[in-house]
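# Structure at a glance
Next come the chains, spelled out residue by residue.
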Amino acid sequence: MNDYILALDQGTSSSRALIFDRRGETVALAQREFAQHYPNPGWVEHDAAEIWDTELAVARECLEKAHLAGKDIAALAITNQRETTVLWDRVTGEPIAPAIVWQDRRTTKRVEALEAEGFEALVAGKTGLRLDPYFSATKIEWMLDHVPGARERAQKGEILFGTIDAWLIWKLTKGSLHATDITNASRTLLCDLRSGQWDDELLDIFRIPAGILPEIIPSSRVAGYADPEWFGAAIPIAGVAGDQQAAAFGEACFHPGTVKNTYGTGGFLLMNIGKEPRASVSRLITTAAYRIEDAPASYALEGSVFVAGAVVQWLRDEMGFVKRAKDIEPLARSVKDAGGVYFVPAFTGLGAPHWDPDARGCLIGLTRGTTRAHIARAALEAIAFQSAEVLEAMARDALHPVRELRADGGAAANDLLMQFQADITGVPVIRPAQTETTALGAAYLAGLAVGFWQNVEEIEALWRADRVFEPAMSADQRGFLLNQWTRAVGRARKWN
Ligand code: G3P
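Residues numbered from 1 in each chain as written. Predicted model: local features only at pLDDT ≥ 70, side-chain atom pairs only at ≥ 80, totals over all residues. Heavy atoms only, no water.

What counts here: UniProt positions are given in the numbering used here, feature names are shortened, and annotations may be inferred rather than shown by experiment.
With an unreviewed UniProt entry as reference, the protein chain is termed Glycerol kinase, source organism Sutterella seckii. Note on the protein chain: under the UniProt heading Catalytic activity (unreviewed entry), the record states "glycerol + ATP = sn-glycerol 3-phosphate + ADP + H(+)". What UniProt records for the protein chain under Function (unreviewed entry) is the sentence "Key enzyme in the regulation of glycerol uptake and metabolism. Catalyzes the phosphorylation of glycerol to yield sn-glycerol 3-phosphate."

If you want it as structure tokens, here you go:
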């Protein structure tokens, strides 16, 4: 019986696979971390071949753990780190260079030149995004200009581009399908948000040959089939979405005004704004949220925080403060507050609402009495402060007041962080019972396309809260802390 959905969740730090049943419960999970490469300051690269190998391995491991075979899977879903750029050879299927990761800042100068030429308004108007090295366009352009022979080969049709979803689809179908879903396409700076199609004027600006681009498909539709070699059966690939949009879907953010925050490597707040791609007036971006078959797309406002959970990783791996990420909470709890320490983790610049690629990390407020515990606590608080800035911007943009924040992702398990998030925003933070919302959202999209679930109402009924964190901080204290945070951010800005 095809009673399960297999979701591939290809994130920035790890490749994961999960199997879900009809109640949206996790049946099995497998995960592998893979190498991060930092060849120059501000550069971040992945090996796309390793991404494929680890993703295939965890998918197979997950099936084994669940004692299932490919024939038991009704549909396959893909969700992925967004913007990360892969170029590969159409014939050999080999990447032509390391993938340039979303966090990579190497194209900052090029972005500044485009701004100086006055392209910001045009690009923002069409794409809903900002001119920023975060998005794929200048990364593709960089590869075409710096990998020997790449531009000529691209012009001859020998090279293909894809974000990670397209790369996995192409690998899974053994090159028979070159496609990306609308949520991923909407992160490239090349897609017109209203038409949902690649835009010739944008392709000209970024000097990108149209022939390298994948076809844009809905997030929920049977797009193709995984080759039987991988899982022993031709499983339909039926749901594809960028990880943050998938998480919003998994959090049942189907109604305008619903907001989620995913605490992963980065932190990403998305608010459903309905069927009209409204522009932000407070430096957020507008993005496609999902598109089911041929129905009109839904859109979201997004605030992207580049470093959230990654700050805990950094304290673990580079500073040796803790052995395991989860040890950060007891360490931070061992002091009553951060002791006046503020930690702005602008390792890769600052995203929304500052958009400063030249910001760099800073620790301020240190005294002779500062301990590792204070710094750990300041790091957790930084995750919440950054999200609070975005939520405040979102509230200015929103047509309805923000009533609650749905929280998921790895760091949502941290009670100290969740309580501080509620305190510093003044909004209840709700942690759902199922926090694997990214993979689950993609699974829902796939399941809808094959009739595994009938409609979004059925999915909405499956969403349940685990715990609600009510704000408990006085308005004075909140105001003081936010003001200090703003001062600390001021020190980190334009540092590079
Ligand atoms: O836009 C980047 C985002 O998709 C990465 O998500 O979960 O890998 O931090 P994550």
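## Regarding the overall build of the protein chain
Spelled out, the test is: Starting at the N terminus, helices and strands are each numbered in turn, a helix being any DSSP run of H or I of at least four residues and a strand any DSSP run of E of at least two. The quantity called the radius of gyration is restricted to C-alpha atoms. Its globule counterpart is 2.2 Å times the number of residues to the power 0.38. Per-residue and other accessible areas follow the Shrake-Rupley method at a 1.4 Å probe size, with only the shown protein chains counted as cover for residues. Think of it this way: Lys and Arg go in the positive column, Asp and Glu in the negative one, and His and the chain ends go nowhere. Think of each charge as sitting on NZ of Lys, CZ of Arg, CG of Asp or CD of Glu.
Helix and strand counts for the protein chain stand at 17 helices and 23 strands. Relative to the compact-globule value of 23 Å for 496 residues, the protein chain shows a C-alpha radius of gyration of 21 Å, a close match. In terms of its C-alpha atoms, the protein chain occupies a principal-axis envelope of roughly 60 × 55 × 45 Å. Element-wise, carbon and sulfur atoms account for 51% of the exposed surface of the protein chain, whose accessible area totals about 18,400 Å². For the protein chain, the distance from the average position of its 51 positive side-chain charges to the average position of its 64 negative side-chain charges is 5 Å.

## Description of the packing of helix H11 (residues 309-317) against helix H13 (residues 372-397)
What counts is decided by this rule: Axis definition: a line fitted to C-alpha atoms, limited for helices to the stretch in contact. Angles are taken between N-to-C directions and run from 0 to 180 degrees. Here the word oblique covers every angle except those under 35 degrees (roughly parallel), over 145 (roughly antiparallel) and from 65 to 115 (roughly perpendicular). Less than a right angle of anticlockwise turn of the near helix away from the far helix marks a crossing as left-handed, whereas a clockwise turn marks it as right-handed. Whether two residues are in contact is decided by their heavy atoms, any of which lying within 4.5 Å being enough. As a working rule, the residues Ala, Val, Leu, Ile, Met, Phe, Trp, Tyr, Cys and Pro are called nonpolar, Asp, Glu, Lys and Arg charged, and the rest polar, with Gly in that last group.
The contact between H11 and H13 brings their axes to 8 Å, and the two run at 160 degrees. Classified by the angle between their axes, H11 and H13 sit roughly antiparallel to one another. Helix-helix and strand crossings are classified by hand; for H11 and H13 the assignment is right-handed. In this structure, H11 contributes Gly 309, Val 311, Val 312 and Leu 315 to the contact, and H13 contributes Ile 375, Ala 376, Ala 379, Leu 380 and Ile 383. Considered class by class, the residues forming the contact of H11 with H13 number 8 nonpolar, 1 polar and no charged.

## Quick word on unusual backbone geometry
Geometrically, the link from Ala 352 to Pro 353 is a cis peptide bond, its omega value of -5 degrees lying close to zero. Turning to its location among the elements, Pro 353 is positioned in the loop between strand S19 (342-344) and strand S20 (362-364). Positive phi is not limited to glycine here, since Lys 174 has a value of about 50 degrees. Here Lys 174 shows up in the loop between helix H6 (164-172) and strand S9 (179-181). If you check the backbone angles, Arg 207 has positive phi at about 55 degrees while not being a glycine. Along the polypeptide, Arg 207 turns up in the loop between helix H8 (200-205) and strand S12 (215-217).

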